[in-house]
Amino acid sequence: MPIPEQFIDELIQRNEISDVVGEYVHLTQKGGNLWGLCPFHTEKTPSFSVSRDKQIYHCFGCGKGGGVISFVMEMEHLSFPDAVRHLARRVGMEVPETGGSDEGRKKLRRALEANKAAARFYYQYLGSPGGAAVRDYIAQRRISPKFATRFGLGAAPDEWDAMTKALTAQGFSKLELIDAGLAVAGKNGGIYDKFRARLMLPVIDVRGDVVGFTSRILPGLEGAKYLNSPDTVCFKKSQLIYALNLAKATKRPNLILVEGNIDVITLHQAGFDNVVATMGTALTADHARILSRYTKELVLCYDNDAAGKKSTERVLGILKNADLTVRVLQLPNAVGEDGKPMKQDPDDFVKRFGPAAFEKCLNGSAGQNDYRLDVLTQGADLESDEGRMAFLRAAVETVGALESSIEREIYGAKAAKAAGISETAFHQEVERWRKNRTWQAKKKERRRAMAPAVNLQSSNRELRYENVRSARAEEGILRLVLLDAALFAKAAVEPEQFSSPVLGKVFRLLRDRHSRGLSVQLPALEGELTGEEMSHMVKVAGQPESLAYADRSMGDYIETIQAEAAAREAPKGEDALLALRARQREKTMEDGQ
């Protein structure tokens, strides 16, 4: 059975949303609401609003919104039942035992237990005769036994089902191993190992749980060079940072982000216990938000080849509004025995030049603005007029995008000096670029303002309205009953007449709750709506609506909805107004009988 609705209502009342959000976000009173930097995307200007009256939050930047339960679900990456338990513990409430939620908890628990058992299996196999090839590879990469143990390195046998046999013998079912991402279903109902003939690196989250694996194939063998666990109930690549469980305890003033897992191990071994990496995937806004919880300064140290520089530039774009100071450690160019430039990653550099040389590079790491100008300068032909003009166009855009006038002054002077022109001329071009950008933004906003139908639509295609006129009225009715539940008595319309499925669904849920004396505020529906539906409804509820003319507004909204519903139901060619009047006459006659 689901968690009782009365319990959810009381839980929401006892977990005041501004108190809960305030544990994660610094909030400041402004007008009738509280404002802060959105914890779901990177920004420097607060666009995240919390309403004490409505007990909801809404970000005007990324569009996310909801109540206290959905906020905890997002922040802690929890399911609805687990978020309810989290909030219940916070206020000393005991969640009634339910059957439905136990299944999800059991699935998560068994996935974590299976991953832990698999990590133990791989670790033990590494020390067996069968693990010799992986041990040789670890030695070749110059990873010491101490750090191989610290990171829990293991070996996957070069067999189809060695691990699955071992874990099924321990009581894990085939489905549990598949759900944990450890096994793959075969054609004849059997299963086989996901990882074979590989160096295994367990991925441990900040709570100390083994949530999955990353792996590397041995040299000379065919297959994907790197292979991660698939996304499971406990393994989400976009939300995991390798070695953060260790790096979070560092005494160093920053975290260093590298690209490879072996880079992480090598640098930890060299004394840099503040190194982390993403899970074989590009850095996301979620990663940036998680990192900002553990450090105020992030140093990027990617490979020094063209691909590494491209990755660095992309990551800087994601981090530009993060609550982080970002620096870039550029490894010096290396030359091979043949005299040609060679790729150099952190692992190569530390092994070739030692920890002291890396520390020197770390101390000399550049701020992101210096880095961008350095890259532009290095790639420019400043000896020719065409090259200087190309450099200046790029530099003007780079400097012009800086919000701080002080930063524009400092980096503008550097760019002007590099191009050999006066600072005055460069700053004039920057201001011209910024004015043009502002004009373009206003022009775009005017176009958007002239298309109100577009403004009503959700960015989620599944929630977009097919009938904007009816949906606008449907939104109006929902806003009215959310402002005053007594207006349900005058809302003489059925959910089936709504043109928007999500608006009809919300109306039905709220009307049902009202008839049973339950809360009819949006946060009470968090167990019934998806995150996208809740965010959309928060946006709807936030639009202006007045109770001053509630009766008249309600009548107008109902008339519009019924007329549009009649038009949809009318046979092709029949006048919608006539059809509506006919239906109203039929209803009057039925009521009089």
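Conventions adopted
- Residue positions are given per chain, counted from 1 along the sequence in the order it is written.
- The model is predicted, so local features are restricted to residues of pLDDT at least 70 and side-chain atom pairs to those at 80 or more, both for listing and for counting; the totals for chains, interfaces and linings are taken over all residues.
- Side-chain numbers come from the whole structure's heavy atoms, not from hydrogens or water.
- Accessibility here uses a 1.4 Å probe with only protein chains present; expressed as a share of the type maximum, an area under 20% marks a residue as buried, one over 50% as exposed, and anything in between as partly exposed.
- The numbering of helices and of strands both runs from the N terminus, where a helix is a DSSP run of H or I of at least 4 residues and a strand a run of E of at least 2.
- Strands were regarded as paired on the criterion that DSSP finds at least two bridges between them.
- Between N-to-C directions, angles cover 0 to 180 degrees, with each direction set by a line fitted to C-alpha atoms, over the stretch in contact for helices.
- Between 65 and 115 degrees an angle is taken as roughly perpendicular, under 35 as roughly parallel, over 145 as roughly antiparallel, and anywhere else as oblique.
- By definition, any crossing whose near helix is turned counterclockwise from its far helix by less than a right angle is left-handed, and any crossing with a clockwise turn is right-handed.
- Here a residue-residue contact requires only that any non-hydrogen atoms of the pair lie within 4.5 Å.
- Under this grouping Gly is polar, as are all residues other than the nonpolar Ala, Val, Leu, Ile, Met, Phe, Trp, Tyr, Cys and Pro and the charged Asp, Glu, Lys and Arg.
- Here, nonpolar core means buried Ala, Val, Leu, Ile, Met, Phe, Trp, Tyr and Cys residues that are tied together by side-chain atoms lying within 4.5 Å of each other.
- When a carboxyl oxygen of Asp or Glu is within 4 Å of a side-chain nitrogen of Lys or Arg, the pair counts as a salt bridge.
- Any pair of cysteine sulfurs within 2.5 Å is marked as a disulfide.
- Geometry of aromatic contacts follows a simple scheme: Phe, Tyr and Trp rings, the Trp one being its six-membered ring, pair when their centres are within 6.5 Å, and the pair is stacked under 30 degrees between planes, edge-to-face over 60, tilted otherwise.
- As a reminder, the over-ring test applies to NZ of lysine and CZ of arginine, requiring each to be within 6 Å of the ring centre and within 35 degrees of the ring normal.
- The predictor attaches a confidence to each residue, called pLDDT, with possible values from 0 through 100.

### Here's the deal with helix 11 (residues 261–269)
(1) Moving on: Taking burial as the measure, the nine residues of helix 11 include eight buried ones, the bulk of the element.
(2) Moving on: Those residues of helix 11 lying buried are Asn261, Ile262, Asp263, Val264, Ile265, Thr266, Leu267 and His268.
(3) Moving on: Directly after helix 11, the chain includes Gly271, whose backbone phi takes a positive value near 105°.

### Some points on the pairing of strand 10 (residues 210–217)
(1) Moving on: Of all eight residues in strand 10, eight are buried; the element is thus mostly enclosed.
(2) Moving on: Sheet topology places strand 9 (residues 198–204) next to strand 10; seven bridges connect them, and they run antiparallel. Pairing of Val203 across the sheet is with Gly212, part of strand 10.
(3) Moving on: As consecutive antiparallel partners, strand 9 and strand 10 are separated by five residues, and within that stretch Gly208 has a phi angle of approximately 95°, a positive value.
(4) Moving on: The pairing of strand 10 with strand 11 (residues 226–228) spans three bridges and is antiparallel. What sits directly across from Ser215, in strand 11, is Leu227.

### Observations regarding the packing of helix 16 (residues 368–378) against helix 18 (residues 405–419)
(1) Moving on: At a closest axis distance of 11 Å, the pairing of helix 16 and helix 18 adopts a crossing angle of 20°. In terms of axis orientation, helix 16 runs roughly parallel to helix 18. Once helix 16 is placed against helix 18, the crossing between them reads as right-handed. Residue-level contacts link Asn369, Asp370, Leu373 and Thr377 of helix 16 to Glu407, Tyr411, Lys414, Ala415 and Ala418 of helix 18.
(2) Moving on: When grouped by side-chain class, the residues that make up the contact of helix 16 with helix 18 number four nonpolar, two polar and three charged.

### Here we look at the sheet that holds strand 4 (residues 56–59)
Consider a sheet: its strands pair through backbone hydrogen bonds, and that pairing is either parallel or antiparallel.
(1) Moving on: The antiparallel open sheet is built from five strands, whose spatial order is 1-2-3-4-5. Looking at strand neighbours, the two that pair on one side only are strand 1 (28–30) and strand 5 (65–66), the edges of this open sheet.
(2) Moving on: Here strand 2 (residues 33–36) pairs with strand 3 (residues 48–51) via three bridges, running antiparallel. Bridging from a neighbouring strand, Trp35 pairs with Ser49 of strand 3.
(3) Moving on: In this fold helix 3 (residues 68–76) packs onto strand 3, strand 4 and strand 5, with an angle of close to 50° to the strand it touches most, strand 4.

### Considering the nonpolar core
(1) Moving on: In this structure, Tyr122, Leu153, Leu167, Leu182, Phe213, Tyr242 and Phe358 are the most contacted members of the largest nonpolar core, which totals 63 residues.
(2) Moving on: By residue number, the principal contributor to this core is helix 5 (residues 100–126), which donates ten residues.
(3) Moving on: The residues contacting Leu153, other than those within four sequence positions of it, are Tyr123, Leu126, Ile138, Ile143, Ala148, Leu199, Met200, Leu201, Pro202 and Ile265.
(4) Moving on: Ala471, Leu480, Leu525 and Leu529 belong to the second largest nonpolar core, which has 35 residues in total.

### Let's talk about the sheet that holds strand 10
(1) Moving on: The strand order across the open sheet built from four strands is 6-9-10-11, with neighbouring strands paired in antiparallel fashion. On the outer flanks of this sheet lie strand 6 (154–156) and strand 11, each paired with one strand and no other. In this sheet, neighbouring strand axes are inclined to one another by 35° on average, regardless of whether the strands run parallel or antiparallel.
(2) Moving on: Across the face of the sheet, helix 6 (residues 132–140) comes into contact with strand 6, strand 9 and strand 10 while running at roughly 75° to strand 9.

### Let's talk about the pattern of salt bridges
(1) Moving on: Scanning the model with the defined rule gives 29 salt bridges in all.
(2) Moving on: The partner of Arg513 in a salt bridge is Glu5, and the shortest N-O contact between them spans 3.6 Å. Of the two residues, Arg513 is situated in helix 22 (residues 501–515) and Glu5 in helix 1 (residues 5–14); the sequence distance between them amounts to 508 residues.
(3) Moving on: Given the relative accessible area of 25%, Glu5 is considered partly exposed.
(4) Moving on: Salt-bridge contacts for Arg511 lead to Glu494; the nearest nitrogen and oxygen are separated by 3.3 Å. Of this pair, Arg511 sits in helix 22 while Glu494 sits in the loop between helix 21 (468–483) and helix 22, placing them 17 residues apart in sequence.
(5) Moving on: Residue class for Arg511 comes out partly exposed when judged on its relative accessible area of 28%.
(6) Moving on: The class of Glu494 is partly exposed, set by a relative accessible area of 39%.

### Concerning the state of the cysteines
(1) Moving on: Going through the model one piece at a time under the given rule, you end up with zero disulfides.
(2) Moving on: A disulfide-free cysteine, Cys361 has its sulfur positioned 8.1 Å from the sulfur of Cys301, the nearest such atom.
(3) Moving on: Taking the relative accessible area as the measure of exposure, Cys361 reaches 18% and is therefore buried.

### Digging into the packing of aromatic side chains
(1) Moving on: Tallied over the entire structure, the rule returns 19 aromatic pairs.
(2) Moving on: Centroid distance Trp35 to Phe60: 5.8 Å. Interplanar angle 20°. Geometry classified as stacked. Here Trp35 is found in strand 2, whereas its partner Phe60 is found in the loop between strand 4 and strand 5, with 25 residues between them in sequence.
(3) Moving on: Judged by its relative accessible area of 23%, Trp35 is partly exposed.
(4) Moving on: Residue classification places Phe60 among the exposed positions, given a relative accessible area of 57%.
(5) Moving on: Grouping aromatic residues by their ring pairs yields a cluster made of Tyr24, Phe40, Phe48, Tyr57 and Phe71.
(6) Moving on: The cationic tip of Arg196 hangs over the ring face of Trp160; the distance from NZ or CZ to the ring centre is 4.2 Å.

### Quick notes on the confidence of the model for the protein chain
(1) Moving on: Scored by pLDDT, the protein chain comes out at a mean of 88, with 90% of its residues at no less than 70.
(2) Moving on: Mean pLDDT values for the elements of the protein chain range from 50 in helix 20 (residues 452–456) up to 98 in strand 6.

### Here's the deal with unusual backbone geometry
Most of the time, phi is negative for any residue but glycine, and the peptide bond is trans.
(1) Moving on: A positive phi angle is found at Arg142, which is not glycine, with a value near 60°.
(2) Moving on: Relative to the helices and strands, Arg142 is located in the loop between helix 6 and helix 7 (145–150).
(3) Moving on: Assessed through its relative accessible area of 52%, Arg142 is described here as exposed.
(4) Moving on: Positive phi is not limited to glycine here, since Ala243 has a value of about 75°.
(5) Moving on: Looking at where Ala243 falls in the secondary structure, it is placed in the loop between strand 12 (241–242) and helix 10 (244–247).

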